[in-house]
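One letter stands for each residue in the lines below.
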Amino acid sequence: MAESDLSSPSLVDDLYFVLHDNVTGHPLLHSRLTGLALAGGILGELMLAERVALDFASDPERLYATAPEATGDPLTRAVLGHIIAEPHHPVGTWLLFFARTIYADVTARMIAAKLLKPPVRHLLKQQPPAPADMNTAAWPLARLNLAVQRRRPPVDGDCVLLGLLAAAGCAQRILSEHDPRFVAAATAMLPMPLRRLIAQTKVAVGQAVISRR
């Protein structure tokens, strides 16, 4: 992922595809947990592109911008703008903040990029946006399953995807080749900021699950 342009490829688009049926577009996870996973994904995307970093000296850990110039993508530019404007918030606060709107934002971006078809209303029920191409939608999950099956550590972006699936508590249900030890090992290979982001996402998901009981 080029440091100067975050428009493509997108970790968050891949995560969206993994969390939805690759034919119908129906979500595979509760909307609140999907939002938190996508929020972790958008922050992970900015970390991979070296646009934001973690301040380990602060307690709790805070995000700060390392490269404030335009990202080449309106969504990541907006997220980066929030972090630049209010750098005093901890990671957990940002996850909750972005989770409120990230689902709609990512869906709109993917429809505009023709990765998703617009939602269709049938009688009294609206169908969710379906993938424009089934193979494109299926590839991110197939790539993860192949990595697990072959026991070959994937690239950092896919390690983040695996970590976020585990953090959201859905890795076992979504991955056909699920191996908790491999997923943990792949996540452990990531730089510390990304590992901490995944850990904070897991905490936010756990709190969301408890609050629903």
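What you are looking at is a predicted structure, and each value in this text was computed from that prediction instead of being measured.

Parameters and conventions
Residues numbered from 1 in each chain as written. Predicted model: local features only at pLDDT ≥ 70, side-chain atom pairs only at ≥ 80, totals over all residues. Heavy atoms only, no water. Phe/Tyr/Trp six-rings, centres within 6.5 Å; stacked < 30°, edge-to-face > 60°. Buried < 20%, exposed > 50% of the residue type's maximum accessible area, 1.4 Å probe, protein only. Helix = DSSP H or I, 4+ residues; strand = E, 2+ residues; numbered from the N terminus. Expected span 1.5 Å × (residues − 1). Arc of directions from axis to C-beta. Contact = heavy atoms within 4.5 Å. Axes fitted to C-alpha atoms, helices over the stretch in contact; angles between N-to-C directions. Left-handed = near helix turned anticlockwise from the far one by under 90°. Nonpolar A, V, L, I, M, F, W, Y, C, P; charged D, E, K, R; others polar.

Asks: Break down the packing of aromatic side chains for me, citing the residues and quoting the values.
Replies: All told, the structure shown has four aromatic pairs when counted by the stated rule. Between the aromatic rings of Phe97 and Phe98, the centroid separation amounts to 5.3 Å while the plane-to-plane angle is 70°, which identifies the pairing as edge-to-face. Classification of Phe97 by relative accessible area gives partly exposed; the value is 28%. A relative accessible area of 5% places Phe98 in the buried class.

Asks: Tell me about helix α10 (residues 192-211), and please be specific about residues and values.
Replies: Relative to the 28 Å expected for 20 residues at 1.5 Å per residue, α10 spans 29 Å between its end C-alpha atoms, a close match to the ideal helical length. Those residues of α10 lying buried are Leu194, Leu197, Ile198, Thr201, Ala204, Val205 and Ala208. Relative to the axis of α10, the buried residues are bounded by an arc of 120° and lie together on one face. Facing away from the buried surface of α10 by more than 90 degrees, the exposed residues are Lys202, Gln207 and Ile210. Where α10 is buried, its residues contact α2 (31-48), α4 (91-99), α7 (156-167) and α9 (180-188).

Asks: An account of the packing of α2 against α4 is requested, with residue identities and associated values reported.
Replies: Closest axis-to-axis distance for the α2/α4 pair is 8 Å, and the angle between their directions is 115°. The handedness of the crossing between α2 and α4 comes out as right-handed. The segment α2 lies against α4, with Gly35, Leu36, Ala39, Gly40 and Leu43 engaging Trp94, Leu95, Leu96, Phe98 and Ala99. When the residues that make up the contact of α2 with α4 are grouped by side-chain class, the tally is eight nonpolar, two polar and no charged.

Everything listed here is a matter of coordinates, which is why it stays silent on function.
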